[in-house]
Amino acid sequence: EGAWDFYWADVWWMKEIFDRAYLEDQMRINHFRNHYELTRKNLMVKNLKRLRRQLERDCGKAEAQKCDFFPSTFELPSEYHIFVDEFRKSPGSIWIMKPIAKSQGKGIFLFKRLKDITDWKRGVEYQPQLLSPDGTSQAIETYVVQRYIENPYLIGGRKFDIRVYVLVTSYNPLKVWLYRSGFARFANFRYSLATIDDNYIHLTNVAIQKTAPDYDPEKGCKWSIQQLRKYLTGKHGQQKINCLFQQMTNIFVLSLQSCQRVIINDKHCFELYGYDILIDSDLRPWLIEINASPSLTASNKEDYDLKFGLLNDVLNVLDLENRLTGREKRIGLFDLMWDDGPVYSEEGGIEDVISSYTSAANSNLGLEIYQNAESLKKATSANV
């Protein structure tokens, strides 16, 4: 209600209000109508599998292998029997169960015995309908089961994943901005497969780690992505790490292309995605999940500086005040990496031919240290 130009809507508003709302030309909202096509775990995998089949059909197996950046995944209970066949091919391996629409590590558990999953399935079969507190029936919660990546890259003996921010301002045509800053989230305890029921070891979500007995809220459990990239480059050399980060940008573009035809595009909508990427011991990146509402709550001063700058730059990219020319390739710490095709950096040439299914060269993830929030407040106009 009332006059507004920019609205940070929650999922409930998109579901209940969006279709009935009249939006004036200048109004902007932070979700597309069916954003869940990419951020709900089962639908994300469904769309990625479809893209892989399309690539194999159109371009061959070598091109399709570029989509092999997510673990073997099955939806339960609908694909239970397919999962069992796959499970029996590699006895003793570890799998991870995740509810499709929850975040912050809720409902996740690891297992390596089929009995653990058959007990879960039996509970679903004998409760075909669950009742909510008011007595009405509600749908059975759907899970995905994924092969657990047992060889994560460790720093100081601890597991971590990487949070990367990707801004989509249009799906038709696809226009994607990659944020240069982000962070690595570390587990509080040293990694071990001796126990698989300790979430402090296996899940890196801050919502879980901050409940650990020895968690230090001032120190936190994060590195900036710049700090991580410098560490990895020092250990493995620039060429290998450049290749690793290029593979990560491929993941961003391919995942967005996988749902490009099904997302309901709307000029009023944009999406700030939080990608969670895991690196294994072979320096191979894996897509773990994509968040439609990444947490913007700051855990310490460094986190505040990052997220203040992120939101400041989102608003500058959206350009509600019409101050941009439309030809910008960089706004704040956002780099335009895809604009209905790959966007190339003006700094230097391109040595390799980049196909329409790979990421743009204009990607600088982790290559620039962020200013502090006070500097940003003074320099907001300079960012555009």
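Residue positions are given per chain, counting from 1 as you read along its sequence in written order. Local features are withheld for residues below a pLDDT of 70 in this predicted model, meaning they are given only at 70 or higher, and side-chain atom pairs are given and counted only at 80 or more; totals for whole chains, interfaces and linings count all residues. In computing side-chain values, all of the structure's heavy atoms are included and hydrogens and water are not.

The protein carries the name Tubulin--tyrosine ligase-like protein 9 in an unreviewed UniProt entry, which gives Candidula unifasciata as its organism.

Caption draft 1: Examining the overall build of the protein more closely. Secondary structure elements are taken from DSSP: a helix is a run of H or I of four residues or more, a strand is a run of E of two residues or more, and numbering for both begins at the N terminus. Along the protein, the regular secondary structure elements total 12 helices and 16 strands. Only protein chains enter the accessibility calculation, which uses a 1.4 Å probe; a residue whose area is less than 20% of its type maximum is buried, one above 50% is exposed, and one in between is partly exposed. For the protein, the residues scored as buried account for 51% of the 384 residues in total. The protein chains shown are the only cover counted for residues, whose accessible areas, like all others here, come from Shrake-Rupley with a 1.4 Å probe. As displayed, the protein has an accessible area near 19100 Å², and 48% of this comes from carbon and sulfur atoms.

Caption draft 2: Focus on the side chain of S363. When you line up the elements, S363 lands in the loop between β16 (334-339) and α12 (373-378). Taking the relative accessible area as the measure of exposure, S363 reaches 17% and is therefore buried. Contact definition: two residues touch when any of their heavy atoms are within 4.5 Å. Ignoring anything within four residues of it in the chain, the contact list for S363 reads L178 and T249.

Caption draft 3: Broad picture of the pattern of salt bridges. Every case where a carboxyl oxygen of Asp or Glu lies within 4 Å of a side-chain nitrogen of Lys or Arg is listed as a salt bridge. Per the stated rule, a full pass over the model turns up 16 salt bridges. With a shortest N-O distance of 3.0 Å, R33 and D19 are connected by a salt bridge. Of this pair, R33 sits in the loop between β2 (28-29) and α2 (36-39) while D19 sits in the loop between α1 (11-16) and β2, and the two are 14 residues apart along the sequence. Classification of D19 by relative accessible area gives exposed; the value is 54%. The shortest N-O distance in the salt bridge between R52 and E56 comes to 3.4 Å.

Caption draft 4: Examining the confidence of the model for the protein more closely. Confidence of the predictor in every single residue is expressed as pLDDT, which spans 0 to 100. When the pLDDT values of the protein are averaged, the result is 84; 80% of them are 70 or greater. Within the protein, strand β6 (residues 130-131) has the poorest average pLDDT of any element, 44, and strand β13 (residues 271-279) the best, 97. Low pLDDT, under 50, characterises residues 126-133; the predicted model gives this stretch 11 contacts beyond four residues in sequence or across chains. Confidence over residues 348-360 falls short of pLDDT 50; this stretch has 29 contacts with residues more than four positions distant or in other chains.

Caption draft 5: Structural detail: unusual backbone geometry. Residues L76 and P77 are joined by a peptide bond in cis, for which omega reads 10°. Tracing the sequence through the fold places P77 in the loop between β3 (73-76) and α5 (80-89). Note that the residue after N172, namely P173, is joined by a cis bond; omega there is 0°. Inspection of the secondary structure assignment puts P173 in the loop between β10 (158-171) and β11 (174-186). Phi at D319 is positive, roughly 55°, even though this residue is not glycine.

Caption draft 6: Main features of the UniProt feature "coiled-coil region" (unreviewed entry) in the protein. The UniProt record marks residues 38-65 with the feature "coiled-coil region" (unreviewed entry), using the residue numbering of this structure. The straight-line gap between the two end C-alpha atoms of residues 38-65 is 20 Å; of that span, 89% is helix and 0% is strand. UniProt positions are given in the numbering used here, feature names are shortened, and annotations may be inferred rather than shown by experiment.

Caption draft 7: Highlighting the packing of aromatic side chains. Think of it this way: a Phe, Tyr or Trp ring, Trp meaning its six-membered ring, pairs with another when their centres are within 6.5 Å, and the plane angle makes it stacked under 30 degrees, edge-to-face over 60, tilted otherwise. Summed over all chains, the structure comprises 24 aromatic pairs. Measuring from centroid to centroid gives 5.1 Å for F160 and F186, while their planes differ by 35°, and the two rings are tilted. Taken together, the residues span a long stretch of sequence, with F160 in strand β10 and F186 in strand β11 at a distance of 26 residues. Cluster of aromatic residues (ring-pair linked, three or more members): F74, F83, F87, W95, F109 and F111. By definition, being over a ring means that NZ of Lys or CZ of Arg is both within 6 Å of the ring centre and within 35 degrees of the ring normal. Above the plane of the ring of F74 lies K49, whose end atom (NZ or CZ) is 5.4 Å from the centre.

Caption draft 8: Layout of the environment of T73. Within the element layout of this structure, T73 appears in strand β3. Given the relative accessible area of 3%, T73 is considered buried. Spatially, the C-alpha atoms of T73 and V144 are 6.6 Å apart, while their sequence positions differ by 71 residues. Ignoring any residue separated from it by four or fewer positions in sequence, one finds T73 in contact with V45, K49, E79, V144, V145 and Q146. Residues adjacent in sequence count toward polar contacts only when both atoms are side-chain atoms; beyond that, a polar contact is any pair of N or O atoms within 3.5 Å, and within protein one must be able to donate a hydrogen and the other to accept it. Engagement of the side chain of T73 in a polar contact is seen with the backbone oxygen of P71, the distance being 2.7 Å.

Caption draft 9: A look at the packing of helix α9 (residues 225-236) against helix α10 (residues 238-258). Two elements in contact, α9 and α10, have axes separated by 7 Å at closest approach and are oriented at 135°. Looking at the two axes, α9 sits oblique to α10. Seen from α9, the contacting residues are I225, R229, L232, T233 and H236; seen from α10, they are Q238, K240, I241, N242, L244 and F245. Inter-axis angles, ranging from 0 to 180 degrees, are taken between N-to-C directions of lines fitted to C-alpha atoms, where helices are fitted over the stretch in contact. The scheme is simple: roughly parallel for angles under 35 degrees, roughly antiparallel for over 145, roughly perpendicular for 65 to 115, oblique for anything else.

Caption draft 10: Representation of the nonpolar core in the model. In this structure, Y171, F252, L256 and Y275 are the most contacted members of the largest nonpolar core, which totals 57 residues. Here the element with the most residues in this core is α10; it accounts for 9 residues. Among the nonpolar cores identified, the runner-up in size contains 18 residues, and F183, V317, L318 and L333 belong to it. What makes a nonpolar core is a set of buried Ala, Val, Leu, Ile, Met, Phe, Trp, Tyr and Cys residues whose side-chain atoms join them at distances within 4.5 Å.

Caption draft 11: The environment of G156, seen in detail. Counting through the fold element by element, G156 comes out in the loop between β9 (154-155) and β10. It is 7.7 Å that separates the C-alpha atoms of G156 and R190, two residues lying 34 residues apart in sequence.

Caption draft 12: Representation of the sheet that holds strand β4 (residues 95-99). We treat two strands as partners when DSSP finds at least two bridges between them. A sheet is described by the order of its strands in space; here 4 strands give the open sequence β3-β8-β4-β5, paired in antiparallel fashion. The open sheet terminates on both sides in strands that have one partner only, identified here as β3 and β5 (109-111). Geometrically, the sheet is characterised by an average inter-axis angle of 25° between neighbouring strands, direction not taken into account. Running over the sheet, helix α3 (residues 41-59) touches β3, β4 and β8 (143-147) and is turned about 135° from β3. On top of the sheet, α5 reaches β3, β4, β5 and β8; it is set at about 140° to β3, its chief contact.

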